[in-house]
Amino acid sequence: MKRPSALDSADSTSITRRDFVRTNSAFAVAAFVGGLSTTRAAEVPAPPKPAHRPLITPAAKFSDVSRGNPKPHSLKGEALIQARLTPESWRLEITADTAANPTIKEIADISKPLTLADGNALDLAALLELGKKHSVRFLKAMQCLNIPAPLGQGLWEGVPLREVLRLCGRMNNVRRIYFWGFHNNDPKQLFRSSLSYTQAIETPPGELPAFLAYRLNGEPLSLIRGGPVRMVIPWAYGFKSIKWLQRIALTNDYRANDTYAEQNNDPESFLKTAAYIDGLPAKIPAGKPIAITGLVMAGLSGVKRVEYCLQRDDSKPGEPKVEAPEQWNEAQLEEPPADWSSVLPVGVASRQVLGFDSNTGKPATWPLRYSMISWTATLKGLAPGKYALRARAVDLNGFAQPEPRASQKAGRNALELREFQVM
Ligand SMILES: Nc1nc2c(c(=O)[nH]1)N[C@H]1C(S)=C(S)[C@@H](COP(=O)(O)O)O[C@H]1N2
Ligand SMILES: [Mo]
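Calculation rules
Residues numbered from 1 in each chain as written. Chains lettered and ligands numbered in written order. Predicted model: local features only at pLDDT ≥ 70, side-chain atom pairs only at ≥ 80, totals over all residues. Heavy atoms only, no water. Core = buried A, V, L, I, M, F, W, Y, C linked by side-chain atoms within 4.5 Å. Buried < 20%, exposed > 50% of the residue type's maximum accessible area, 1.4 Å probe, protein only. Domains from an automatic or database assignment. Pairing = 2+ DSSP bridges. Helix = DSSP H or I, 4+ residues; strand = E, 2+ residues; numbered from the N terminus.

Asker: Just checking my understanding: could you explain the nonpolar core for this structure?
Answerer: L127, I248 and F420 are the most contacted members of the largest nonpolar core, which totals 94 residues. Each of domain 1 (17–54 + 272–422) and domain 2 (63–263) contributes no fewer than three residues to this core. Membership of the second largest hydrophobic core comes to six residues, among which are L75, L85, F182 and W244.

Asker: Hey, could you run me through the sheet that holds strand β14 (residues 283–284) in this one?
Answerer: Sheet strands associate in pairs through backbone hydrogen bonding, adopting either a parallel or an antiparallel arrangement. With mixed pairing, five strands are arranged side by side in an open sheet as β14-β21-β20-β16-β17. Every other strand in the sheet has two partners, leaving β14 and β17 (329–330) as the edge strands with one partner each. Of the strand pairs in this sheet, strand β16 (residues 305–312) and β17 are connected by two bridges, and their pairing is antiparallel. Across the sheet, Y308 pairs through a bridge with N329, a residue of β17.

Asker: So what exactly am I meant to see when it comes to the sheet that holds strand β7 (residues 176–181) here?
Answerer: The sheet built from five strands is open, its strands ordered β3-β1-β12-β7-β8 with mixed pairing. Two strands lie at the open edges of the sheet, namely β3 (122–123) and β8 (192–196), each paired on one side alone. Sheet analysis places strand β1 (residues 91–96) next to strand β12 (residues 245–251), joined by four bridges and oriented parallel. Note that in β12 the partner of I94 across the bridge is I248.

Asker: Hey, could you run me through the pairing of strand β5 (residues 152–160) in this one?
Answerer: Two faces make up the sheet, and in a regular strand the side chains alternate between them. The buried count for β5 comes to nine of nine residues, which makes it a mostly enclosed element. Here five bridges tie β5 to strand β9 (residues 211–216), and the two strands are oriented antiparallel to one another. Bridging from a neighbouring strand, P160 pairs with F211 of β9.

Here's what the structure looks like:
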């Protein structure tokens, strides 16, 4: 399959645009057909009840964005042990600068580096032990900065990065935290990311901390999702959430070293509030209500509402399109579930999840920060013809997508378009 140019370059991501379109269409068609199937032909059709996507994506159903040749998650047996990617063999090394250079005038140093050579690299048992006291859980969507659909959403569980860094004792001259994962021992395959010291250590109230995840949806983090341990940076696009984490390097270099920055992406971008439209059948029978569905990502500036715009477009290919006035209508947002125990993994109470009120177990904001929910709308009485459908999110500041960010490389913010024909 040909990889479209808009996707991550310089890597062999295992996802293609066609995969996404197919996934999305399958869902939308299911919702559409499911909604209509309850009406008998002779009856006036009741408006279809659009189905919401489940709030939690099964770990294996996430779309995958993994580099490497061979891909680390394809390793088996002894190769997997050698790569230190089994729960028993996994180790995390934490080191500091070794030499000064023109940028690093005074090197970062820590009183207790954790290294394989010294035999004190962190193992999974020690990380889980740390988790007994400091573990955090939250619901968060994973999204690639270069793929026009979120990859999935899960309940992530792990230990804040600051608690892991505390194991290294006293720190001096640390301005940035660099981290990377297993890369087949080939420096060319290195995929790395970074945070500022403050971002790693301090969390604003109501925000989610940078953390090392070892569970997803109540299960140990699978190899394909970056297990045994991956970094998860809640506010950022996927490229900061380094899979197969094995190395943290503390530095007095003030610069971001993110691999993604080399591909023209803003390495400090936050998830952008944005709406996505599920696929629609290309042809839709006239006289029946049409259920449209999609997702909205609650990014840095939150979600006030989702709007859609439907325009007739009967221009022939090559002809200029008729510019109709844009009229935006409000879509319906998915409500918070009344019963979270049916959504969360067995044994997890919503009170224990960050972003929820620890007394009432209700979400403190809706949608939860850096999570996504479904939106729906019903189109009725459409005359035969060609249509163009757009959707946009309006954030809590009242900015309608794509505002206020102009640059696509600072966040997914283009308005999605779906074209279909009523006949
Ligand atoms: N080690 C490593 N971590 C990685 C990547 C990678 O190629 N290698 N891809 C990143 C990118 S660009 C994205 S979008 C997310 C995707 O996470 P997922 O595959 O679990 O959906 O992982 C990130 N972490
Ligand atoms: Mo990505």
